[in-house]
Amino acid sequence: MSTLVTGIGELTTNDDELGRMRDAAVVLEGGLVAWVGEAAAAPAADARVDVAGRAVLPGWVDSHTHLVFAGDRTAEFEARMAGEPYAAGGIGVTVAATRAASDAELAANLDRLADEALRGGTTALEVKTGYGLTVADELRSARIAAARADAVTFLGAHLVPEGSDAEGYVDLVAGDMLEAVAPHVDAVDVFCERGAFDEQQSRRVLEAARARGLALRVHGNQLGPGPGARLAVELGALSVDHVAFLDDDEVAMLADSWHGGRGTVATVLPACDLSTRMPLAPARRLLDAGAVVAIASNCNPGTSYTTSMAYCVATAVLQMGLTVEEAVRAATLGGAAALDRDAPRTGRDGRPLAPLGRIRPGARADLQVLDAPSITHLAYRPGVPLVHAVWRAGDLVVEPPGLP
């Protein structure tokens, strides 16, 4: 069945040829975008939805979340707002609660947050493990995430569990734990930061992952200067995330990584920067240097308990110096690049995967409609819920009010 979405006042495609279009229409068929063009030239379709001059853009691609967890860290947040500094050790509180929760409880919490994100326009999610930190708990976290997420990342190297020896734990992560979760994940991440894992330990985990044919990610340069960004580029990681503390050479290195092919995406997490009262990541400097930037929510119970990509986009515009179009692109196509989903790919089950983050023929039919005439309203009216309708893989998952 085909669906014609017409009456689009402004269409943001993220396609270099199509650009931003006025008075546009899109045809969805078989879970993909089948046609894009002027509304007056639209072909016939089985169904027709007129969005009455509203703006349409790709669904958000949230490339960094931690949604398999249990428990609450309100007290930690309150203390931080009262002036206590953020430290990585708070992760241990969530680890204890997650280990104590049942599979059903973890899956229900993941579904609740994923549904919340979907209602906010997020049509593609990456979900990390990392709150189990035993072979059994990381394995069940990976399985639970794989049942809902578009991409699953193994983050056994999130923190050294209490009572464990750091080197022995790295051996476990790079050995038996990786072996157990590998069939269920797409990538491996490591928290390369003071208070977590140093450069040598991080390298061991990432090299073991690469030997298994898994993609790499790095949490890096969040709490201060460090080796994360350099290590990510050196090992060909898909992304390095947080990147609040980058010197000019590191910014240039991330930009240069894209010369001649796929490089390392710099993923900024503005909601986390605000929640931890850390410096905002230098998104403007990165874009000006030619780096590829993604915006993600980092939704987790300790440092960024939000699924709202619109909030992150508004923050990137109002406080990080991006234009609205740059921020939207980073939160859609940038996220797709960080997941290696900006072009056709084959999934871990062997099935073909359509590109994300664009509205053009052949891309996955992920669209969001704003109750506004332009994407500019995302920053012009920050905090206002503007999502009018959402299609995911061609299915209308958030229906416009009054649709029969």
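Residues numbered from 1 in each chain as written. Predicted model: local features only at pLDDT ≥ 70, side-chain atom pairs only at ≥ 80, totals over all residues. Heavy atoms only, no water.

## Details of the environment of Val36
This is how the line gets drawn: By definition, any uninterrupted DSSP run of H or I lasting at least four residues is a helix, any uninterrupted run of E lasting at least two residues is a strand, and each is numbered from the N terminus. In this analysis, two residues are considered to be in contact whenever any of their non-hydrogen atoms come within 4.5 Å of each other.
Mapping Val36 onto the fold places it in strand 3 (residues 32–38). The residues contacting Val36, other than those within four sequence positions of it, are Leu11, Leu18, Met21, Ala25, Val26, Ile359, Arg360 and Pro361.

## Remarks on the nonpolar core
What counts is decided by this rule: Here, nonpolar core refers to any group of buried Ala, Val, Leu, Ile, Met, Phe, Trp, Tyr and Cys residues whose side-chain atoms link them within 4.5 Å. Only protein chains enter the accessibility calculation, which uses a 1.4 Å probe; a residue whose area is less than 20% of its type maximum is buried, one above 50% is exposed, and one in between is partly exposed.
Among the nonpolar cores identified, the biggest contains 88 residues, and Leu286 and Ile295 are the most heavily contacted of them. Every residue in contact with Ile295, bar those within four places of it in the chain, is listed here: Val61, Val268, Pro270, Met309, Cys312, Ala316, Leu322, Ala327, Ala330 and Ala331. Ala24, Val33, Ile359 and Trp391 belong to the second-largest nonpolar core, a separate cluster that totals 18 residues.

## Structural notes on helix 11 (residues 309–320)
Taken residue by residue, helix 11 has Met309, Cys312, Val313, Ala314, Thr315, Ala316, Val317 and Met320 as its buried positions. Phi turns positive, to about 85°, at Gly321, one or two residues after helix 11.

## Here's the deal with the pattern of salt bridges
What counts is decided by this rule: Definition used for salt bridges: Asp or Glu carboxyl oxygen within 4 Å of a side-chain nitrogen of Lys or Arg.
This model, assessed by the stated rule, comprises 33 salt bridges. Close ionic contact of Glu126 with Lys128 constitutes a salt bridge, the shortest N to O distance being 2.8 Å. The exposure class assigned to Glu126 is buried, which follows from its relative accessible area of 0%. A salt bridge links Glu234 to Arg203, with the nearest nitrogen and oxygen atoms 2.8 Å apart. With Glu234 in helix 7 (residues 228–234) and Arg203 in helix 6 (residues 199–211), this residue pair connects regions lying 31 residues apart in the sequence. The exposure class assigned to Glu234 is partly exposed, which follows from its relative accessible area of 44%. The network of salt bridges with common partners includes Glu199, Arg203, Glu207, Arg230 and Glu234.

## Here's the deal with unusual backbone geometry
Comment: phi is negative for the bulk of residues other than glycine, and the bulk of peptide bonds are trans. We note that Asn14 has phi near 60°; this positive angle belongs to a residue other than glycine. Of note, Asn14 is situated in the loop between strand 1 (2–12) and strand 2 (20–29). In the Ramachandran plot, Asn298 falls in the positive-phi region, its phi being about 55° despite a non-glycine side chain. Mapped onto the elements, Asn298 comes out in the loop between strand 13 (293–295) and helix 11. Among the residues examined, Asn298 registers a relative accessible area of 2% and is labelled buried.

## Observations regarding the packing of aromatic side chains
Under the convention used in this document: Only the six-membered ring of Trp is used, alongside the rings of Phe and Tyr, when aromatic pairs are assigned; centres must lie within 6.5 Å, and planes under 30 degrees apart are stacked while those over 60 apart are edge-to-face, with the rest tilted.
A complete count under the given rule lists 3 aromatic pairs for this structure. Between Phe69 and Tyr131, the ring centres sit 6.4 Å apart and the planes meet at 75°, which makes this aromatic pair edge-to-face. Taken as a pair, Phe69 in the loop between strand 6 (60–62) and helix 1 (74–81) and Tyr131 in the loop between strand 7 (122–128) and helix 4 (135–146) lie far apart in primary sequence, 62 residues in all. Residue classification places Phe69 among the buried positions, given a relative accessible area of 1%. On the accessibility criterion, Tyr131 (2% relative accessible area) is buried.

## Concerning the layout of surface pockets
Definition in use: Buried and open spaces are told apart on a 1 Å grid over the protein atoms alone, a cavity being a set of points where a 1.4 Å probe fits but cannot get out and a pocket being an open set with protein on both sides within 12 Å along at least five of seven lines. Residues with an atom within 4 Å of a point are the lining residues. Grid points are joined across faces, edges and corners, and a volume is the space filled by probe spheres set on the points. Gly counts as polar in this scheme, as do all residues outside two lists: the nonpolar Ala, Val, Leu, Ile, Met, Phe, Trp, Tyr, Cys and Pro, and the charged Asp, Glu, Lys and Arg.
In this structure, the largest pocket encloses a volume near 670 Å³. Around the largest pocket sit 26 residues that line it, and Asp150, Arg341, Gly347, Arg348 and Leu353 are the ones nearest its centre. Of all the secondary-structure elements, those providing two or more residues to the lining of the largest pocket are strand 10 (215–220), strand 14 (345–346) and strand 15 (352–353). Looking at the lining of the largest pocket, its residues break down into 11 nonpolar, 4 polar and 11 charged. The computed volume of the second largest pocket comes to approximately 290 Å³. In terms of lining, the second largest pocket is formed by 22 residues, of which the most central are Ser308, Ala310, Tyr311, Val384 and Pro385.

## Describing the pairing of strand 16 (residues 367–370)
Keep this limit in mind: Strand pairing is assigned whenever DSSP identifies at least 2 bridges connecting the two strands.
Neither face of strand 16 is open: one carries Leu367 and Val369, the other Gln368 and Leu370, and all of them are buried. Sheet topology note: the strand 5 (residues 55–58)/strand 16 ladder contains 4 bridges and is antiparallel. Looking at strand 16, one finds that Ala55 is bridged to Leu370. Bridge analysis of strand 16 against strand 17 (residues 387–392) gives 4 bridges, and the strand direction is antiparallel.

## Remarks on empty space enclosed by the protein
Taken as a whole and judged by the stated rule, the model has 1 cavity of 30 Å³ or more. Approximately 110 Å³ is the volume attributed to the largest cavity.

## Notes on the sheet that holds strand 12 (residues 265–268)
The pairing of strands in a sheet happens through backbone hydrogen bonds and is either parallel or antiparallel. The following threshold applies: Simply put, an axis is a line fit to the C-alpha atoms, just over the touching stretch for a helix, and the angle between two N-to-C directions goes from 0 to 180 degrees.
Strand order in the open sheet formed by 8 strands is 6-7-8-9-10-11-12-13, and the pairing between neighbours is parallel. Lying at the two open borders of the sheet, with one neighbouring strand each, are strand 6 and strand 13. For this sheet the average axis-to-axis angle between neighbouring strands, irrespective of direction, equals 25°.

## Re the packing of helix 11 against helix 12 (residues 324–338)
Our working definition: In this scheme, roughly parallel covers angles under 35 degrees and roughly antiparallel covers those over 145, while 65 to 115 is roughly perpendicular and the rest are oblique. Should the near helix be turned anticlockwise from the far one by less than a right angle, the crossing is termed left-handed; should it be turned clockwise, right-handed.
As a packed pair, helix 11 and helix 12 sit with axes 9 Å apart at the nearest point and diverge in direction by 140°. In terms of their interaxial angle, helix 11 and helix 12 are classed as oblique. As helix 11 packs across helix 12, the resulting crossing turns out to be right-handed. Packed against helix 11, whose contacting residues are Met309, Val313, Ala316 and Val317, the element helix 12 presents Val324, Ala327, Val328 and Ala331 at the interface. In terms of residue class, the contact of helix 11 with helix 12 is made up of 8 nonpolar, no polar and no charged.

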